[in-house]
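A look at the structure
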Amino acid sequence: MCNLYYIYTTLLLCLMLCFQPCHSILYPRESETRTIKDLSGKWKFRIDDSPSRHQSFDEKWWNLTLANFPQAIDMPVPASYNDITQNKSIRDFSGWAWYQREFFVTKAWQQDMYVWLRIGSAHYSAIAWINSVQVLTHHGGHLPFESEVSTHLKFGVKNIITIAVNNTLTPNTLPPGTIVYESEDDHYPPGYFVQNIQFDFFNYAGIHRPVKLYTTSKTFVQDISVTTTCDSDFSKCNLKYFVEVHYLANKIKVNSQQHAGQTVKVSLLDTNGNVVTTGDLSSGLLTVSKPNLWWPVGMNESVAYLYTIVVEIFDENSNLIDNYRLPYGIRTIEVTDTKFLINGKQFYFLGFGKHEDWDIRGKGFDWSSVIKDFNMLEWLGGNSFRTSHYPYSEEIMQLCDERGIVVVDECPAVGLDNEENFSDKTLQHHKDVIRELINRDKNHASVVMWSVANEPNSKLPVSEEYFKTIISLTKSLDATRPVTVVCNQPYDKDLASAFVDVVSVNKYLAWYEDSGHTEVIQPKLGYYLSEWYETRHKPVIHMEWGAGTVVGLHRDPAVMFTEEFQEEVMEEHFKVFDSLRKDFLVGEMIWNYADFATAQDRGRVVGNRKGVLTRQRDPKSAAFVLRRRYHALRNQTLS
C-alpha cells in the first residue's frame, strides 16, 4: 500500500502547500497595452514511472535539466501525451508526467508591468516552476489557471519552465476514479496497479491547451461581467456591466470605481468599429436602441452578430494605462414549461454530444482539427452541441459565438456513481469547478445553458441535497441561464431533476436496452419522454441516443454495428421526435458527433463507434440521413 499512499499524498500535499486562490481570468488578447508570448511547441518530457511515483519529488526534478535525462523525449504542447509515442507504458501511464522547455523574455517586459503565466488546461492536477521556483498549482482538468510571475523571470537571458502534471483520479475528483492494487499472491507483478475510471472515454492526460505568457499594466482590467435585458419587442436592450480593476497604489492592491485620478471608460462598438454608446464608470448600463441581436444559425438571416465591448483605463493625464476588447452578442434566454426561447423565439436543439478528441492529439487543442469540426458541423446542419463531458477550449467557445452555434456547457461531473462520489470533499471541489467554469464562459452568447453533471446516480438519497446545493450555487452565480442535469435514471426515481430548468435525458433504445429491436423504439420512447414531462412539467431534451457502427459493415435486414442499423435507429427516433417537438420536446442531440477513444474493453472496438462521423471526420452513411433532417428542420425556423 506504500505506492498508493505516495500517489495520493504527493498529489494532495503539493496542492495544499502550494494552493493559490482562484480568481476570474480574462482570455489573453493582444492590445495597445498587452503583449502575448506563446510557449506552445516542442518540450522535453519524462514520466516518473518509479514504483512510488515519488522519485521526481525526492530528486527535485524542477531543479534539474530534463534534456539530460536518457529517458527524456520530445513532446508537443498542447497535446495528450498518451498517443504521441509508440510506448505502451506512456499511453497507459498514471502518475506524474514532467514537461520542460527554455524560453527568453525581452527586456522591454521588465518596464513597470506584470507578466502572467497562463496554462489553458492540464489534466488532472498541475504544478509549475519558473527557474526552479514554484509559481502555480491547479487541481482539476479542462479549465485555465494563471499566476503573476514577473519577479521569477530573468529578462534578456534564458529562463526554464517546468510543469508536472498528474492524471490520477480518486473518488473525489471530477471525473472520479480509483487506484486498484493487485495482489502478488494472484501472480501480478510487484506493486502492480491500475487506474479504474467511472466514465466511457479515454483518460487522456497532459498539457491540453496552450501555455502563454502575457503582460498587463500594474493597473489593469482583471475581469468583465455583462448581462443583457431587453424590452418585450427588442427595440431596446440594456447591457449591465461590471468591470473589476486591479489598482496598484503604494504597493497595495485595491478595487474601486476610481483610484488616484485614474478613470475607467467602457464603449460598445458595432462590427464596423463605430461607437454605439459609452459608460464612464466600472459598473453601469449600456443602452442600445434597435440592437442587432445574436441569433443561432438557422433562426434568423442575421446570424451571430457580435459587438465589441472596449474597456479602457486612463491616468489623471488621460494617458491610456490598459485596455481590453471583449466580443459580445446581445441575446436573451427564456424557458417556459414547454419551450426554450432565444430572443423570444422558440429554439429547437439540433445537435450532438461531442468530445474534444483529435485523433493522435487526444484532447490537445489543435486549430486545424477545430476548424474542420466546425465545417463538418455546418455541413451536417447542426445548430448546437453539448460539451460532453467537460469544458472545451476557450477558442472553441469563441468560434461558437462567431458562427452561431448554441452550446450546453457541461462541467466534468461524469461518473458520480456511488455515495463516496457525493461526499463533502467532492461537493467542495464541484463548487470550485462551477465557479471557474462560469467565470470563464459567462460572457459567451453561444452558451445558453449550464449542465452540472452527466448521468449521476441521482436516485441515491444523498444526491438530492447534493444537486440542490450545486444547482442553487450555479443559479446564484448566473441568473441569466437555465441549468440542467443530464439524467439516465428512471423518471420516477431521479432526485436531481426537481431542481433543473430543463430536463435532459439519455436513453439508448435498441442498443443498451432491447438490443437490436428497433421496433420497440416508437412506443417505448414516446412513453418515456412523455412521462418525464408529466413528472416535472419542464421542457425536455433527448440528450443522448444512438447506435454504434463500424464503417463498411452491411446487412439486410440490418443488424447491430452495421451502417444500416444506425440509420434504422435514427429513423425510428425521428418519428417520435416529430410527434413531440411541437409539445414539450425542445431538442434532439444524437450521440455522437464522431467516434472517440475509450479505455480498452471487450465491448469497444478501438473506441466508441456511435459517431455519425469517424474519428478522422469522414461521414458514415448515417451522416447523410442526419444532414437531410437537420437542414430541413433548421430551415423551417426561417419561415
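Reading the values: rules and limits
- Residues numbered from 1 in each chain as written.
- Predicted model: local features only at pLDDT ≥ 70, side-chain atom pairs only at ≥ 80, totals over all residues.
- Heavy atoms only, no water.
- Helix = DSSP H or I, 4+ residues; strand = E, 2+ residues; numbered from the N terminus.
- Buried < 20%, exposed > 50% of the residue type's maximum accessible area, 1.4 Å probe, protein only.
- Areas by Shrake-Rupley, 256 points an atom, 1.4 Å probe, with all protein chains shown as cover.
- Lys, Arg positive; Asp, Glu negative; His and termini not counted.
- Charge placed at Lys NZ, Arg CZ, Asp CG, Glu CD.
- Disulfide = S-S within 2.5 Å.
- Expected span 1.5 Å × (residues − 1).
- Pairing = 2+ DSSP bridges.
- Axes fitted to C-alpha atoms, helices over the stretch in contact; angles between N-to-C directions.
- Salt bridge = Lys/Arg side-chain N within 4 Å of Asp/Glu carboxyl O.
- Core = buried A, V, L, I, M, F, W, Y, C linked by side-chain atoms within 4.5 Å.
- Contact = heavy atoms within 4.5 Å.
- pLDDT = per-residue confidence, 0-100.
- Polar contact = N/O pair within 3.5 Å; in protein donor to acceptor, adjacent residues only side chain to side chain.

**Examining the overall build of the protein chain**
Looking only at helices and strands, one finds ten helices and 33 strands in the protein chain. Seen through its principal axes, the protein chain has C-alpha atoms that stretch 75 × 75 × 45 Å. When burial is assessed residue by residue, the protein chain has 60% of its 639 residues classed as buried. Accessible surface computed for the protein chain: about 25200 Å², of which carbon and sulfur atoms make up 50%. Both charge centroids of the protein chain, one from 63 positive and one from 77 negative side chains, sit 3 Å from each other.

**A few points about the state of the cysteines**
If you walk through the whole model with that rule in mind, you get one disulfide. At a sulfur-sulfur separation of 2.0 Å, the disulfide partner of Cys 230 is Cys 237. Between Cys 230 and Cys 237 the disulfide shows an S-S torsion of about 105°. By sign, it is right-handed. Here Cys 230 falls in the partly exposed class, since its relative accessible area comes to 24%. Between Cys 400, a cysteine without a disulfide, and Cys 411, which holds the nearest cysteine sulfur, the sulfur-to-sulfur distance is 18 Å. There is no disulfide at Cys 487, and the cysteine sulfur nearest it, in Cys 411, is 15 Å away. Since its relative accessible area comes to 3%, Cys 487 is described here as buried.

**Topic: helix α9 (residues 563-580)**
With 18 residues, α9 should cover 26 Å at 1.5 Å per step; its first-to-last C-alpha distance of 27 Å lies within 8% of that length. The complete set of buried residues in α9 reads Glu 563, Phe 565, Gln 566, Val 569, Met 570, Glu 572, His 573, Phe 574, Val 576, Phe 577 and Leu 580.

**Quick word on the sheet that holds strand β2 (residues 41-47)**
As a general point, the strands of a sheet are linked pairwise by backbone hydrogen bonds and lie either parallel or antiparallel. Taken in spatial order, the six strands of this open sheet run β3-β2-β4-β10-β7-β8, and their pairing is antiparallel. Either end of the sheet is taken by a strand with one partner, and the two such strands are β3 (73-77) and β8 (133-139). Across the sheet, the mean angle separating the axes of adjacent strands is 30° when strand polarity is ignored. Where strand β7 (residues 125-130) lies against strand β10 (residues 158-166), six bridges are found, and the strand directions are antiparallel. By the bridge assignment for β10, Ile 130 is matched with Ile 161.

**Topic: the pattern of salt bridges**
Scanning all chains against the criterion turns up 29 salt bridges. Notably, a salt bridge pairs Arg 325 with Glu 32, separated by 3.0 Å at the nearest N-O pair. With Arg 325 in strand β22 (residues 320-328) and Glu 32 in the loop between α1 (2-17) and β1 (36-38), the pair connects residues that are 293 residues apart, well separated along the chain. Assessed through its relative accessible area of 35%, Arg 325 is described here as partly exposed. Note on Glu 32: relative accessible area 54%, which makes it exposed. We note a salt bridge from Lys 620 to Asp 595, for which the minimum N-O separation is 2.9 Å. Within this pair, whereas Lys 620 is found in the loop between β33 (585-590) and α10 (621-636), its partner Asp 595 is found in the loop between β33 and α10, the two being separated by 25 residues in sequence. Exposure remark for Lys 620: the relative accessible area of 1% places this residue in the buried category. We classify Asp 595 as buried; its relative accessible area is 6%. What you see here is one network of salt bridges that share partners, running through Lys 507, Glu 513, Asp 514 and Lys 524.

**A few points about the nonpolar core**
With 89 residues, the main nonpolar core has Phe 352, Phe 467, Leu 529 and Val 540 as its most contacted residues. If you tally residues by element for this core, the top one is α9, at seven residues. Beyond its immediate chain neighbours, meaning those up to four positions away, Phe 352 contacts Leu 377, Leu 380, Gly 382, Ser 384, Phe 385, Arg 386, Met 589, Ile 590, Tyr 593, Val 612, Leu 626 and Tyr 630.

**Concerning the confidence of the model for the protein chain**
When pLDDT is averaged across the protein chain, the result is 92; 94% of the residues are at 70 or more. Here residues 15-22 is a poorly scored stretch, pLDDT under 50, and it has 14 contacts once near neighbours within four places are set aside; other chains count. Low pLDDT, under 50, characterises residues 250-257; the stretch is placed with 19 contacts to residues that sit more than four places away or in other chains.

**With respect to the environment of Thr 549**
With respect to the helices and strands, Thr 549 occurs in the loop between β32 (540-544) and α9. For Thr 549, a relative accessible area of 0% corresponds to the buried category. Along the sequence, Thr 549 and Thr 614 sit 65 residues apart, while their C-alpha atoms lie 9.4 Å from each other. A distance of 2.9 Å separates polar atoms of two side chains, one belonging to Thr 549 and the other to Gln 566.

**A closer look at the sheet that holds β1**
Taken together, the four strands give an open sheet; going across it, the order is β1-β14-β5-β9, and neighbouring strands pair in antiparallel fashion. Edge positions in the sheet fall to β1 and β9 (145-148), since each has one partner strand and no second. Between one strand and the next, the sheet's axes are offset by a mean angle of 20°, whatever the strand orientation. In terms of strand pairing, β1 meets strand β14 (residues 211-217) through three bridges, oriented antiparallel. Residue pairing across strands places Ile 36 opposite Tyr 214, the latter belonging to β14.

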